[in-house]
Amino acid sequence: MTKLSINHKISVILQYKNMVILDGKTTAQSIKDQIQKDLQAYLDKGHRRPHLVAILVGEDGASRTYVDSKERNAKALGFESTVLRLPETTTEEALIACVQAFNQDADIDGIIVQSPLPKHINENLITQTILASKDVDGFHDVNMGKLAKGDESGFISATPMGVMMMLKAYNIDTQGKHCVVIGRSNIVGRPMSLLMSANSRYGNATVTICHSKTQNLSDYTLSADILIVAIGKPSCITADMVKPNAVVIDVGISRIDDANRKSGFYLRGDVDFEQVQHKAAYITPVPGGVGLMTIAALLSNTFKAYKQHIS
Ligand code: GUN
């Protein structure tokens, strides 16, 4: 073996040894443990339990899995959890009537309508029908506006909030760093860019937003100290696109068909984890990374809504 290749191998091993996998499972669990502890103090004073309602329209397999997981996690914390499962043929008017009924129920703290909705339903209309004070997904215009202005009384979309909780848990330095967010969706990319650029402890980054029309994507990703990817294209961020020792946050979670597995699929992120783990300083795995943080953030929002409602 030549000296160069030995040195290369040693540097890869050292880099690998220094690399930290951002563990969504333990981080989310410690957040959930804290919520459970805080909730007990309210229950001890005789207050009711927090109540989260999820509405699922249609039969989409991934959406069903997500809603089941939200219900299971809410119940595990001692929250009341109601899931309303409606058929694909549900009309927009009927769905609005359901949301309005939940809005009026004083014992319900949080309402989420799982997206995507069937094509005949105007998703934005449904989002705006949920009371802003019960919009624990943080999708309502009032909550998006509060986030944009740095007003902390609203709710922040669960996935970007979960990413911020992860950065905080690992005390990752973001001040003055270059953060590149790939994706500009209202659910992830846009709120993520607002949070990372906010004047806050785990914000204060210089943020670039890339999207489907960005030219020469690598020019941006290679200068990213913090790279946050939310585009839904499996393994599309390869090692040659990543700056050495970057913080790599993978929001993507795609189902890849695999007849050899009992479930019929496996999960892949937007980042080629096998390659990129050798180059990054910190990286989130898929599964086991951001997805679990999203649920912890949703429960945290629901608990925040509960405290606002009972006070
Ligand atoms: N679909 C994908 N992500 C989400 C989410 O965070 N909330 C809802 N309601 N639907 C989704």
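Each chain carries its own residue numbering, running from 1 in the written order of its sequence. It should be noted that, the model being predicted, local features are given only for residues of pLDDT at least 70 and side-chain atom pairs only at 80 or more, the latter also being counted only at that level, while totals for whole chains, interfaces and linings use all residues. Processing note: side-chain calculations cover all non-hydrogen atoms of the structure and skip hydrogens and water entirely.

Draft legend 1. Summary view of the overall build of the protein chain. Assigned secondary structure in the protein chain consists of eleven helices and eleven strands. This radius of gyration counts C-alpha atoms alone. The globule rule is 2.2 Å times how many residues there are, raised to the power 0.38. Taking 2.2 N^0.38 as the reference for a compact globule, 311 residues should give roughly 19 Å; the C-alpha atoms of the protein chain span a radius of gyration of 21 Å, in line with that estimate. By the counting scheme adopted, Arg and Lys are positive, Glu and Asp are negative, and His together with the chain ends is not counted. Lys charges are placed at NZ, Arg charges at CZ, Asp charges at CG and Glu charges at CD. Of the side-chain charges in the protein chain, 33 are positive and 31 negative, and the distance between the mean point of each set is 6 Å. Under the DSSP-based scheme used, a helix requires at least four consecutive residues in state H or I and a strand at least two consecutive residues in state E, with every element numbered from the N terminus.

Draft legend 2. Local environment of the packing of helix α7 (residues 158–169) against helix α11 (residues 290–310). Contact pair α7 / α11: the axes reach a minimum separation of 7 Å and the direction vectors enclose 105°. Judged on the interaxial angle alone, α11 and α7 are roughly perpendicular. Together, A158, T159, M161, G162, V163, M165 and M166 of α7 and V290, M293, T294, A297, L298, S300 and N301 of α11 make up the contact between the two elements. Whenever a helix is involved, its axis is fitted only over the stretch in contact; in every case the axis is a line through C-alpha atoms, and angles between N-to-C directions fall within 0 to 180 degrees. Here the angle decides the label: under 35 degrees means roughly parallel, over 145 means roughly antiparallel, 65 to 115 means roughly perpendicular, and every other value means oblique. In what follows, residue pairs with any heavy atoms lying within 4.5 Å of each other are defined as contacts.

Draft legend 3. How the structure looks around the site of the ligand. With respect to spatial proximity, the complete set of residues near the ligand consists of K70, V113, Q114, S115, D137 and F139. For the ligand, a nitrogen atom lies 2.6 Å from a polar atom in the side chain of D137. For the ligand, whose accessible area on its own is 280 Å², the fraction buried by protein is 83%. For this purpose, a residue is taken to be near a molecule or strand whenever a single non-hydrogen atom of the residue falls within 4 Å of it. Here a polar contact is recorded for every N or O atom pair within 3.5 Å, except that within protein the pair must consist of a potential hydrogen donor and a potential acceptor, and residues adjacent in sequence are included only if both atoms are side-chain atoms. Under the convention used here, a 1.4 Å probe and the Shrake-Rupley method define accessible areas, while residue burial counts only the protein chains that appear.

Draft legend 4. Representation of the state of the cysteines. Cysteine sulfur atoms that come within 2.5 Å of each other are treated as a disulfide pair. One pass over the full model with this rule turns up zero disulfides. We note that C236 lacks a disulfide partner, and the nearest cysteine sulfur, in C210, lies 11 Å from it.

Draft legend 5. Fine view of unusual backbone geometry. A cis geometry characterises the amide bond from S115 onward to P116, with omega recorded as 10°. With respect to the helices, strands and loops of the structure, P116 is situated in the loop between β4 (110–113) and α5 (123–129). Note the cis peptide between V286 and P287, where omega equals 0°. Of note, P287 is situated in the loop between β11 (282–283) and α11. A positive phi angle, close to 50°, is found at N216, a residue other than glycine. Here N216 shows up in the loop between β6 (206–210) and α9 (217–221). Residue N216 is classed as exposed on the basis of its relative accessible area of 54%. We note that S235 has phi near 55°; this positive angle belongs to a residue other than glycine. The residue S235 is located in the loop between β7 (226–229) and β8 (247–250) in this model. S235 gets classed as partly exposed once you look at its relative accessible area, which sits at 24%. Relative accessibility decides the category of a residue: with a 1.4 Å probe and only protein chains considered, values under 20% of the type maximum give buried, values over 50% give exposed, and everything between is partly exposed.

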